[in-house]
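Take a look at the letters that make up each chain.
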Amino acid sequence: MSSNIEIIARPLALHERVRTWRTQGLRVALVPTMGNLHKGHATLVARAREHADRVVVSIFVNPLQFGPSEDFNSYPRTPQEDRALLDEYRADLLFAPGVEDMYPPLAAPHTVVHVPELSEILCGAVRPGHFIGVATVVAKLFNMVQPDVALFCDKDYQQLAIIKRMATDLSMPLQVIGVATVREADGLAMSSRNRYLTAEQRRLAPRIYAALSKVGQELKQGRRDYLSLEQMAIAELEQSGFKTDYASIRDADDLQPPTENSRKLVVLTAARLGRARLIDNVQVDIS
Ligand code: PAJ
């Protein structure tokens, strides 16, 4: 498979390339990814095009955000298919650093970025250190690329909230844009981890979105008994064979438990099915 996209691995070379664009007055967008690209990632690239003259996509499977018993080694790596997709969606540059480019051994132990509170709840409670790894690598990517805008999907709702908060707290001079989740026809959120599912598990997987949507509808209809709605979602998922890490209704703005003043809620879950840990959420306007 031949590829047209420019590929850069070294941060300094990347910096030079982007600086040339900047001196030409071009706006630059960044779409950070871990590769194994699917239509969800492609949508981020397409949206990035609407916000900038040049689109940089990064592919880096970030060891810092995987726990010791997680899937860093087996995480799907598909560089050729990824390049073909980036050609098709006309990304301008692929930044694909190696681990030693991102985390030079001499720098260990290195500086990390910790967004407190938001990083410890929900997925953070189950994956200690995960969001420090995410915030740190995203901060490094922001510094390396220095984009005007960076795009993330709200499928990873907590991740997006943490990145927005980091950018605000650390006065990072860029705009963080959230993009809606791209789904399969049966509602399953697209994810690189869907490929861990067996045929039978794939058939069951859309029940995550169905369970969240049901809670969303109940909230829309005025129910506010959050605990029993959460328990309903967990019971439905467990009956279908999922092991739920959590199912939780939160204020969409700060991810705290809803108060009387909450106007936008988000129903989030993380559930394991076989080898795959799947996350999804549904946002509900109750104003
Ligand atoms: P990754 O899982 O590869 O996701 C890269 C981007 O694609 C994220 O913004 C993610 O939210 C988005 N994405 C995932 N599923 C999507 C879908 N169904 N529709 C639209 N976009 C989707 O998230 C990460 O990588 C990493 O944590 C990263 C931010 C790159 C830091 O390492």
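Residues numbered from 1 in each chain as written. Predicted model: local features only at pLDDT ≥ 70, side-chain atom pairs only at ≥ 80, totals over all residues. Heavy atoms only, no water.

It is worth spelling out the site of the ligand at this point. Taken together, 19 residues are adjacent to the ligand, and Gln-65, Asp-156, Gln-159, Val-182 and Met-190 come closest. In the environment of the ligand, an oxygen atom lies 2.9 Å from a nitrogen or oxygen atom belonging to the backbone of Met-34. Contact with the protein chains removes 96% of the 630 Å² of surface that the ligand exposes when unbound. Elements with a minimum of two residues in the shell around the ligand: β2 (28–33), α2 (39–51), α6 (130–145) and β5 (149–153). In terms of residues, the shell around the ligand owes the most to one element, α2, which gives 3 residues. (Near = heavy atom within 4 Å. Polar contact = N/O pair within 3.5 Å; in protein donor to acceptor, adjacent residues only side chain to side chain. Areas by Shrake-Rupley, 256 points an atom, 1.4 Å probe, with all protein chains shown as cover. Helix = DSSP H or I, 4+ residues; strand = E, 2+ residues; numbered from the N terminus.)

If you trace the 3 strands from one edge of the open sheet to the other, you get β7-β8-β9, paired in antiparallel fashion. Looking at the sheet topology across the chains shown, the edges are occupied by β7 (243–251) and β9 (276–285). The average undirected angle you get between the axes of adjacent strands in this sheet is 10°. Bridge analysis of strand β8 (residues 264–273) against β9 gives 10 bridges, and the strand direction is antiparallel. By the bridge assignment, Arg-272 is partnered in β9 with Arg-277. Each of β7, β8 and β9 touches helix α9 (residues 207–220); the most contacted strand, β9, lies at about 20° to it. (Pairing = 2+ DSSP bridges. Axes fitted to C-alpha atoms, helices over the stretch in contact; angles between N-to-C directions. Contact = heavy atoms within 4.5 Å.)

This paragraph deals with the nonpolar core. Among the nonpolar cores identified, the biggest contains 48 residues, and Leu-14, Val-56, Phe-142, Met-166 and Leu-255 are the most heavily contacted of them. Put simply, the parts of the chain that give this core at least two residues each are α1 (11–23), β2, β4 (93–95), α6, β5, α7 (157–169) and β8. Per-domain counts for this core show at least three residues from each of domain 1 (6–179) and domain 2 (192–285). Ignoring anything within four residues of it in the chain, the contact list for Phe-142 reads Leu-30, Pro-147, Ala-150, Phe-152, Ile-163, Met-166, Met-172, Leu-174 and Val-176. Counting 30 residues, the second-largest nonpolar core is a separate cluster that includes Tyr-226, Leu-237, Ala-247 and Ala-276. (Core = buried A, V, L, I, M, F, W, Y, C linked by side-chain atoms within 4.5 Å. Buried < 20%, exposed > 50% of the residue type's maximum accessible area, 1.4 Å probe, protein only. Domains from an automatic or database assignment.)

The next subject is the domain arrangement of the protein chain. Examined at the domain level, the protein chain breaks down into domain 1 (6–179) and domain 2 (192–285). If you average the C-alpha positions of domain 1 and of domain 2, the two centres end up 26 Å apart. Between domain 1 and domain 2, the contact holds 22 residues from the first and 21 residues from the second. Three residues, Leu-122, Lys-155 and Tyr-157, lead the burial of domain 1 against domain 2; their summed loss comes to 35% of the area buried on that side. Our enumeration of links across domain 1 and domain 2 arrives at 1 salt bridge. (Buried area = accessible area lost by both parts, 1.4 Å probe. Salt bridge = Lys/Arg side-chain N within 4 Å of Asp/Glu carboxyl O.)

All right, on to the sheet that holds β4 then. Taken in spatial order, the 6 strands of this open sheet run β1-β4-β3-β2-β5-β6, and their pairing is parallel. Bordering the open sheet on either side are β1 (6–8) and β6 (175–179), each of which pairs with just one other strand. Sheet twist, expressed as the mean angle between neighbouring strand axes with direction ignored, is 25°. In terms of strand pairing, β5 meets β6 through 5 bridges, oriented parallel. Counterpart to Ala-150 in the pairing with β6 is Val-176. In the packing of helix α3 (residues 79–88) onto the sheet, the strands contacted are β1, β3 (54–59) and β4, and the crossing angle to β3 comes to about 165°. Those strands touched by α7 are β5 and β6, and its axis lies near 165° from that of β6.

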